[in-house]
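The primary structure of each chain is shown beneath.
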Amino acid sequence: MGASTVSGTLGITSGGAVTSSGTSEITGATTISASGQAVSLTNVDSTFGDFSVNAKDVYIVESGSFSSTGITAETVQVSATEGVSVISTGDGLQLAAQSGTGNIDVENTGGLVISELANIQGIQFTDATATGKVSLLAQSPLTINAAIDAKAGEVLLVASGSDTTDDVTINSNVVGASVDVYAGDSIAVTSDAIIDSPSFELNVGTNYDIATGSTSTGSSSAGLSLSNTAGLEKIEIPSIGLITGKGRITEFSSDGITFMDDYFNALNPVLEQSVKLDEIGITGSVESELYNFVNTDNSGSIEIEKKK
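Basis of the calculations
- All residue numbers here refer to positions counted from 1 along the written sequence of the relevant chain.
- The predicted nature of this model means local features are confined to residues of pLDDT at least 70 and side-chain atom pairs, given and counted, to a pLDDT of 80 or more, with totals for whole chains, interfaces and linings taken over all residues.
- With hydrogens and water set aside, each side-chain value is computed from the structure's full complement of heavy atoms.
- Secondary structure elements follow DSSP: runs of H or I of four or more residues count as helices, runs of E of two or more count as strands, with numbering from the N terminus.
- Polar contacts, as used here, are pairs of N or O atoms within 3.5 Å; protein pairs need one atom able to donate a hydrogen and one able to accept it. Residues neighboring in sequence count only if both atoms are side-chain atoms.
- For every residue, the accessible area obtained with a 1.4 Å probe (protein chains only) is divided by the maximum for its type, and the residue is called buried under 20%, exposed over 50%, and partly exposed between those limits.
- Two strands qualify as a pair provided DSSP detects at least 2 bridges between them.
- Buried residues of nine kinds, namely Ala, Val, Leu, Ile, Met, Phe, Trp, Tyr and Cys, make up a nonpolar core once their side-chain atoms join them within 4.5 Å.
- A contact between two residues is defined here by any heavy atoms of the two lying within 4.5 Å.
- A pair is scored as a salt bridge if a Lys or Arg side-chain nitrogen falls within 4 Å of a carboxyl oxygen belonging to Asp or Glu.
- Put simply, two rings from Phe, Tyr or Trp (the six-membered ring, in Trp's case) pair if the centres are within 6.5 Å, and we call them stacked under 30 degrees between planes, edge-to-face over 60, tilted for the rest.

A.B. asks: What is the right way to read the side chain of S219 from this model?
C.D. replies: The residue S219 is located in the loop between β25 (215-217) and β26 (223-226) in this model. Here D185 takes part through its side chain, which lies 2.7 Å from a polar atom of the side chain of S219.

Right, dumping it as structure tokens:
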């Protein structure tokens, strides 16, 4: 595509790669069909209406906000100045996006992998004062393999559904004023990830409805694994309350934590779920039972407050 101005819609069908050599100004919807090919429209002054594309690899740069209600691809890279909104389809879709301000919203049908790609790495706001929200929603699972930097904005991570594969796995750093995670099954924060946020809420075994934002009970086999708590000031696990600090609990009571029968159910009193806190030692006596979940050689203090 050379420099082009279209007052209305633009439709392109191609058996080869689609690239741009000039500024594109499209006021209406843009539809590109290039199955198995690369689509690369990267002039920084280009503007598009609603964008739909079927291709193998997609790389779009837009001045202003970028909006797409239909991307089917294997890899997607999007750069905009005032926000990114993507509705996509692809199982194992690799995606990276950046924006100066606004929000970054991604909703994918199929597994979504936030990745370091050739031109954009992970998810980020490029304006140091940005306060927008990053929302990454997958149907499902959701895997974070590259950093998310929301600056002073919020982060929402969702693997929607109630199957045992509806997991959120965080393998890279996440920065935000708050980080809320919903998984229909399990949540894992691996040793390679640092969550740099004053508020970190984990909702395991929780089916987050993408259309309504409501929640319902997810998988009964859900679990939680925290291999790294670096950077965390507070962890909130609904039905437990707030866990602040880092180290060892030596005494607690059922007033601050929900229990079921004679065992410590750390996630949900209705579901038999498991919790693994690699860097937090928990030792205590509840209903005449002694619970020692992990290595107690850690030092420091943890405070558990009853959720109000």
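A.B. asks: Just to check I follow, could you spell out the pairing of β26 for this structure?
C.D. replies: For a regular strand, side-chain orientation follows a simple rule: the groups alternate between the two sheet faces. Burial along β26 is two-sided: the face carrying G223 and S225 and the face carrying L224 and L226 are both buried. Here 3 bridges tie strand β21 (residues 187-189) to β26, and the two strands are oriented parallel to one another. Paired with V189 across the strands is L226, a residue of β26.

A.B. asks: Help me understand the nonpolar core, please; the structure alone is not making it clear to me.
C.D. replies: The tendency in soluble globular proteins is for nonpolar side chains to be buried side by side. Residues L136 and I170 are the most contacted members of the largest nonpolar core, which totals 59 residues. Looking at which element gives the most residues to this core, the answer is strand β6 (residues 51-61), with 5 residues. If we skip the residues at most four places from it in the chain, L136 touches V106, I114, I123, L142, I144, I148, L156, L157 and V158.

A.B. asks: What am I meant to see in the pattern of salt bridges here?
C.D. replies: As a working rule, side chains carrying opposite charge can pair if their charged atoms are close by. Tallied over the full model, the rule gives 4 salt bridges. Of the charged contacts, one joins K56 and D57 as a salt bridge, the two residues approaching to 3.5 Å between their closest N and O atoms. With a relative accessible area of 26%, D57 lands in the partly exposed category. Close ionic contact of K56 with E74 constitutes a salt bridge, the shortest N to O distance being 3.9 Å. On the criterion of sequence distance, the pair formed by K56 in strand β6 and E74 in the loop between β7 (66-72) and β8 (75-80) is long-range, its members being 18 residues apart. Residue K56 is classed as partly exposed on the basis of its relative accessible area of 34%. The exposure class assigned to E74 is partly exposed, which follows from its relative accessible area of 46%. Salt bridges linked by common partners bring K56, D57 and E74 together as one network.

A.B. asks: Which parts of the structure should I look at to understand the packing of aromatic side chains?
C.D. replies: The relative placement of two aromatic rings is captured by the distance of their centres and the angle of their planes. Within the structure shown, the criterion is met by 3 aromatic pairs. Between F48 and F51, the ring centres sit 5.3 Å apart and the planes meet at 80°, which makes this aromatic pair edge-to-face. For the pair F48 and F51, one class covers both residues: buried. Ring pairing ties together the aromatic residues F48, F51 and F66, which thus form one cluster.

Read these as spatial facts, not as claims about activity.
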